[in-house]
Each structure stands twice: as structure tokens, then as C-alpha cells.
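# Topology and contacts: notes
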Amino acid sequence: MGVATAPLQVDSLSRSYGRLVALADLSLTVHAGECVALIGANGSGKSTAMRTIAGQLTPTSGTIRIAGLDPHTEPEAERARAALAIVPDSPLLYADLTVRQHAELVTIAHGVHGESTAARIDALLERLGLAERADFLPAELSRGMRQKTQLACALVRPAALLLLDEPVVGLDPPSQALLHELLLEAKRSRVAVVLTTHQMAFAEGLADRAVMLEEGEVVDQGPWGEVAERAEQRGWLPS
Ligand SMILES: Nc1ncnc2c1ncn2[C@@H]1O[C@H](COP(=O)(O)OP(=O)(O)OP(=O)(O)O)[C@@H](O)[C@H]1O
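Quantities reported herein were computed from a predicted structural model and do not represent experimental measurements.

What follows covers the overall build of the protein chain. What the protein chain contains, in helices and strands, is 8 helices and 9 strands. Relative to its length of 239 residues, the protein chain is compact, with a C-alpha radius of gyration of 18 Å against a globular reference of 18 Å. Taken along its principal axes, the extent of the C-alpha atoms in the protein chain is 45 × 40 × 40 Å. Looking at the 239 residues of the protein chain, the share that counts as buried comes to 39%. If you take every contact in the protein chain between residues at least 6 apart in sequence, the share linking residues at least 24 apart comes to 64%.

The next subject is the site of the ligand. If you check the shell around the ligand, you find Tyr17, Leu20, Ala22, Gly40, Asn42, Gly43, Ser44, Gly45, Lys46, Ser47 and Thr48 and nothing else. For the shell around the ligand, the secondary structure elements donating two or more residues are strand S2 (20-30) and helix H1 (46-53). With 3 residues, H1 is the largest single contributor of residues to the shell around the ligand.

Another point: the packing of helix H3 (residues 99-109) against helix H5 (residues 143-155). Between H3 and H5, the shortest axis-to-axis distance is 8 Å and the interhelical angle comes to 25°. Looking at the two axes, H3 sits roughly parallel to H5. Pair H3 / H5 crosses with right-handed handedness. For the pair H3 and H5, the contacting residues are Val99, His102, Ala103 and Val106 in the first and Thr149, Ala152 and Cys153 in the second. The class makeup of the residues in the contact of H3 with H5 is 5 nonpolar, 2 polar and no charged.

The next subject is the domain arrangement of the protein chain. Looking at the protein chain, the domain boundaries give domain 1 (1-83 + 160-239) and domain 2 (92-158). Computed from C-alpha atoms alone, the centre-to-centre distance between domain 1 and domain 2 is 24 Å. Every contact between the two is made by 10 residues of domain 1 and, on the other side, 9 residues of domain 2. Its residues placed into classes, the side of domain 1 that touches domain 2 shows 7 nonpolar, 2 polar and 1 charged.

Grouped together as the largest cluster of nonpolar side chains are 67 residues, with contacts concentrated most on Leu161, Leu162, Leu163 and Ala210. Ranked by residues supplied to this core, first place goes to H5 with 6 residues. Looking at this core, you find at least three residues from each of domain 1 (1-83 + 160-239) and domain 2 (92-158).

With that settled, consider the packing of H3 against helix H4 (residues 115-127). Axes are the key here: two packed helices are described by the angle between their axes and the distance separating the axes. Following both chains from N to C, one finds H3 and H4 inclined at 135°, their axes separated by 10 Å at the closest point. Taken together, H3 and H4 sit at an angle that is classed as oblique. Of the two possible hands of crossing, H3 and H4 adopt the one that is right-handed. Seen from H3, the contacting residues are Val99, Arg100, Ala103, Glu104 and Thr107; seen from H4, they are Thr117, Ile121 and Leu125. When its residues are assigned to classes, the contact of H3 with H4 shows 4 nonpolar, 2 polar and 2 charged.

Turning next to unusual backbone geometry. Following Glu74, the chain continues into Pro75 via a peptide bond in cis, with omega recorded as 0°. Structurally, Pro75 can be placed in the loop between strand S4 (61-66) and helix H2 (76-82). Of note in the backbone geometry, Glu215 takes a positive phi value of approximately 45° without being a glycine. Along the chain, Glu215 turns up in the loop between strand S8 (209-214) and strand S9 (217-223).

All right, on to the confidence of the model for the protein chain then. In this model, the protein chain carries a mean pLDDT of 93, and residues with pLDDT of at least 70 account for 97%. Of all the helices and strands in the protein chain, H4 carries the lowest mean pLDDT, 90, while strand S7 (residues 192-196) carries the highest, 98. Taken over the whole predicted complex, pTM reads 0.94, whereas the ipTM for its chain interfaces reads 0.97.

Along H1, 8 of the 8 residues are buried, which leaves the element largely enclosed by surrounding structure. Among the residues of H1, those classed as buried are Lys46, Ser47, Thr48, Ala49, Met50, Arg51, Thr52 and Ile53.

Thresholds applied
Per chain, residue numbering runs from 1 following the sequence as it is written. This being a predicted model, a pLDDT of at least 70 is required before a residue's local features are given, and a value of 80 or more before pairs of side-chain atoms are given or counted; all residues contribute to the totals for chains, interfaces and linings. What counts as a helix is a DSSP run of H or I of at least four residues, what counts as a strand is a run of E of at least two, and both are numbered from the N terminus. The reference for a compact globule is 2.2 Å times residues^0.38; the radius of gyration itself is calculated from the C-alpha atoms. Labels follow a simple rule on C-beta atoms placed from the backbone: if 20 or more others lie within 10 Å of a residue's own, it is buried; if 12 or fewer, it is exposed; otherwise it is partly exposed. The contact criterion used is a C-beta to C-beta distance within 7 Å, with each C-beta placed from the backbone. Nearness is defined per residue: the C-beta atom, placed using the backbone, must lie within 6 Å of the molecule or strand. All axes are obtained by fitting lines to C-alpha atoms, using only the stretch in contact for helices, and the reported angles, taken between N-to-C directions, cover 0 to 180 degrees. What sets the label is the angle itself: under 35 degrees gives roughly parallel, over 145 gives roughly antiparallel, 65 to 115 gives roughly perpendicular, and the rest give oblique. By definition, turning the near helix anticlockwise from the far helix through less than a right angle yields a left-handed crossing, and turning it clockwise yields a right-handed one. Three classes are used: nonpolar for Ala, Val, Leu, Ile, Met, Phe, Trp, Tyr, Cys and Pro, charged for Asp, Glu, Lys and Arg, and polar for all others, with Gly counted as polar. A domain assignment, automatic or from a database, supplies the domain bounds used here. Think of a nonpolar core as buried Ala, Val, Leu, Ile, Met, Phe, Trp, Tyr and Cys residues chained together by C-beta atoms that fall within 7 Å. A score from 0 to 100, pLDDT tells how confident the predictor is in each residue.

Given below as C-alpha cells:
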């Protein structure tokens, strides 16, 4: 067996919107079981990085490999998407599907639907406090419940790479603690996790490494504790 392919390998990734360079020259490798936090001010390029890695935005230059596969080139893109689970910065749910149907749709789409997945869905909805809302439509849910539905969709099936853009937003403190625990479990299952957050406390104990962006450029990166300390020194106060 050769060296295992990293779930995420990004090389010199840049993305512009017209003349605005939203992300410049990001290189990042995330190994199985590792968590990397992207931090930075509003508009620093975090979501642009996440969406480009996810295959939703075309890179201006650079390369992305998800489990060795290019998310921007068919037919590889489909297999890259299969290796990837995403929590977008605002919930993207179908108006006419219930909470449970969202989770089922993901398992069907990824070919892992069956009796054991039905039990897994039940257990996950229970943990997320959604069991009593399993048959509700998105419009009948609170904002936090919609966010938890999105989390259920991302966690309900195996993925090599989990991308979470501001996953904490809208969650109450116990739900934030639960998400922290669920992500630690994902790491223990060898999932590579990349998340963006403005809440330094949430990433504490979860992120192994951090990348700090400023106006699209990487201004610092390294072990979480070191980057967080330097970020505080440069006036980046934890919330
Ligand atoms: N669709 C777009 N068209 C033009 N410019 C965009 C577009 N989306 C984002 N930008 C610009 O790209 C830059 C980076 O935005 P991005 O959403 O990646 O930042 P962010 O770090 O995720 O911010 P936040 O913390 O507010 O979520 C900003 O200057 C923003 O104005």
C-alpha cells in the first residue's frame, strides 16, 4: 500500500470576482482525522475558499483534490462530491421535504440507504433534538433547527472530508457543545474537517491547525494554539 491520499489537498488556489481577488494563493493539506479552522475578518475570503473547494465556485487558478479527485472536472467531480459533505453558511433546504426526508435523500443519493441508515438517521435526529420535528417542513422550524437539519444531512453518511462554513451560527450553547462533540467523533472516525468560525472558543480543542486570512491572503498558519495566540496579539479578539 502506498501513502494514503489526503482527503484534501489544495495548491496555490486563487479566486477572483472580476478585479477583486477574494482568495489568493491558498495551499492546504488536510489529513484523515485532522481539523483545520479558517479564521479571518468578514470578507477575508473564508466562504470563497470553502465554496471553491466544494466545487461550487470555479478557481481562477490553482488545484483542488478531494480524496485525490478534482471537484471541478467531470467525471471525477461526481466522485469528489461523493467524498465530501458540506454545511453551507446558510441552510439550503427543500421547502417540500421534511427533516427526516432531507436525511433520507442524502443517504439515497449516496447509495447508503437501508435499515441500518434508518436507525442512524433516528439516532442522529434524536441527538440533535430534532426527533419531535422529524416530520416538519423547513418553514415550520426555527433557524437553529434548520441549521441542525443541515448538520444532520452532512453527518448522516460517511465522507472523507467535511466542510462547515460558520456551523455555530444560530446554535444555542448546548447545541454548540453537541456540535463540538459530533465533530470530535467525526475526527475519531478519520474524517478530515475544515471549518470557518468567528468563535475562537468553539475551535479550541477541536482544530489542530488554523489558517488566518486577511483580504484573501494567508497571513498566518500553523498549530491552532499558536495561530490563535498570534491572532489575539494582532487585535483579533475572541468572541
Ligand atoms: N458573488 C460575489 N461577487 C463579488 N464579490 C464577492 C462575491 N462573494 C464574495 N465577494 C467578495 O469576496 C470577498 C470575500 O468574501 P467571503 O464571503 O469569501 O468572505 P468571508 O471571509 O467568508 O466573510 P464572512 O466572515 O463575512 O462570512 C469580499 O470582499 C466579498 O465582497
